Amino acid sequence: DWKNLGFSYMPVKSNLRFRYHDGNWDDGELFHHERLELSIAANCLHYGQAAFEGLKAFCCKDGAIRIFRPDENGMRLNRTAQHLLMPEFPVDKFVNAVARVVSENREYVPPYGTGGALYIRPLLIGTTPQIGIAASLVICGFVGAATGAVIAYGRMPPFIVTFGTLAIVRGLALTITSGGPVN
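Calculation notes
- Residues numbered from 1 in each chain as written.
- Predicted model: local features only at pLDDT ≥ 70, side-chain atom pairs only at ≥ 80, totals over all residues.
- Heavy atoms only, no water.
- Phe/Tyr/Trp six-rings, centres within 6.5 Å; stacked < 30°, edge-to-face > 60°.
- Helix = DSSP H or I, 4+ residues; strand = E, 2+ residues; numbered from the N terminus.
- Buried < 20%, exposed > 50% of the residue type's maximum accessible area, 1.4 Å probe, protein only.
- Lys NZ or Arg CZ within 6 Å of the ring centre and 35° of its normal.
- Axes fitted to C-alpha atoms, helices over the stretch in contact; angles between N-to-C directions.
- Parallel < 35°, antiparallel > 145°, perpendicular 65-115°, else oblique.
- Left-handed = near helix turned anticlockwise from the far one by under 90°.
- Contact = heavy atoms within 4.5 Å.
- Nonpolar A, V, L, I, M, F, W, Y, C, P; charged D, E, K, R; others polar.
- Salt bridge = Lys/Arg side-chain N within 4 Å of Asp/Glu carboxyl O.
- Pairing = 2+ DSSP bridges.
- pLDDT = per-residue confidence, 0-100.
- Polar contact = N/O pair within 3.5 Å; in protein donor to acceptor, adjacent residues only side chain to side chain.

(A) Local environment of the packing of aromatic side chains. Within the structure shown, the criterion is met by 3 aromatic pairs. Their ring planes at 75 degrees and their centres at 4.9 Å tell us that Phe18 and Phe89 sit as a pair that is edge-to-face. Of this pair, Phe18 sits in strand β1 (residues 15-21) while Phe89 sits in the loop between α2 (70-83) and α3 (91-104); the two residues are 71 residues apart in sequence, bridging distant segments of the chain. With a relative accessible area of 4%, Phe18 lands in the buried category. Stacked on the ring of Phe31, the Lys or Arg Arg17 has its end atom at 4.1 Å from the ring centre.

Shown next as C-alpha cells:
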C-alpha cells in the first residue's frame, strides 16, 4: 500500500557491503540478508566510531528514478570520516554504490505521486575489536535501503545512540555520527 507507508524500517532485497583493510577499500559485495556479525569489542560499539548518511531515490513523472545529490552526501560522509579518524570512502565509489543499491532494489521505489521514496542509508563503522581510544584498523561500509514516506513529513526513524569519549573530545559540529546529527 504505497499511500500509507509511514517512515519505518522495511527490509528490501539487498544491501552492498565494503571492507577497508590494509589501506584499501574492496569492490564491495552484495548481500541478500540484513544481519551483521561484530565483535563485542568493536570500536563502533564502544567509542562511537560510526557515521551515516541518508539519501532518497524518487520515481519521477517520466518514470525515471532519480537520487538527490549523492555526490554531496559522499563528501559529507568523508568530512565525518575525517573527524572520526576513519578512512575516506571515494566519492565516485559512493555514488556508484548508491546507484547499484537503488538498481538492485528498484521494485521498492514507490511510484510517482505517492509521496514516498526509497531511503538509502550508507554507514561506515569501525569494526576493530579493541578496548582503548584509537582509530579502528578495519572499517566496514554498508549501503542499505528501506522504503518509506519522505522524512520531510516529520517522522524520523529510530536509531541506537552510542556516544564515546572520542566524539566528546573532538566535538561533532557539522557531522552526522552514531551520536546523532549536530549543527
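(B) Spotlight on the packing of α2 against α3. The interhelical angle for the contact between α2 and α3, taken along N-to-C directions, is 125 degrees, at an axis separation of 9 Å. When the interaxial angle is binned, α2 and α3 end up oblique. Crossing geometry of α2 relative to α3 is assigned as right-handed. Contacts between α2 and α3 involve Pro70, Asp71, Asn73, Gly74, Met75, Leu77 and Asn78 from the former and Val91, Phe94 and Val95 from the latter. Looking at the contact of α2 with α3 residue by residue, the classes come out as 6 nonpolar, 3 polar and 1 charged.

(C) Inspection of the pattern of salt bridges at higher detail. In the structure shown here, the tally under the stated rule is 3 salt bridges. With its nearest N and O atoms 2.7 Å apart, the salt bridge here joins Glu53 to Arg76. Of this pair, Glu53 sits in the loop between β4 (50-52) and β5 (55-59) while Arg76 sits in helix α2, and the two are 23 residues apart along the sequence. The buried category is assigned to Glu53, whose relative accessible area is 1%.

(D) Here's a closer look at the pairing of strand β7 (residues 116-126). Of all 11 residues in β7, 9 are buried, a share of seventy percent or more. The pairing of β4 with β7 spans 3 bridges and is antiparallel. Bridge pairing in β7 links Phe52 to Leu123. Of the strand pairs in this sheet, β5 and β7 are connected by 3 bridges, and their pairing is antiparallel. Bridging from a neighbouring strand, Leu55 pairs with Ile120 of β7.

(E) Up close: unusual backbone geometry. One non-glycine residue with positive phi stands out, namely Arg69, at about 35 degrees. Following the sequence through the fold, Arg69 ends up in the loop between β6 (65-67) and α2. Even without glycine at this site, Leu85 takes up a positive phi of about 60 degrees. Among the structural elements, Leu85 can be located in the loop between α2 and α3.

(F) Up close: the confidence of the model for the chain. Per-residue confidence for the chain averages 76 on the pLDDT scale, and 69% of its residues sit at or above 70. Predicted confidence in the chain is weakest over helix α4 (residues 165-170), with a mean pLDDT of 38, and strongest over β6, with 93. The low-confidence segment residues 149-170, where pLDDT is below 50, has 46 contacts with residues more than four positions distant or belonging to other chains.

(G) Summary view of the pairing of β5. Residues Leu55, Ala57 and Cys59 point to one face of β5 and are all buried, whereas Lys56 and Phe58, pointing to the other face, are not buried. Where β5 lies against β6, 3 bridges are found, and the strand directions are antiparallel. For Ala57, the partnering residue across the bridge sits in β6 and is Ile67. The antiparallel hairpin formed by β5 and β6 contains 5 residues in its connecting segment, where Gly63 sits at a positive phi of about 90 degrees.

(H) View of the side chain of Asn105. One can find Asn105 in the loop between α3 and β7. Side-chain polar atoms of Asn105 contact the backbone nitrogen of Lys13, separated by 2.9 Å. Excluding anything up to four places from it in sequence, Asn105 contacts Val12, Lys13, Ser14 and Leu118.

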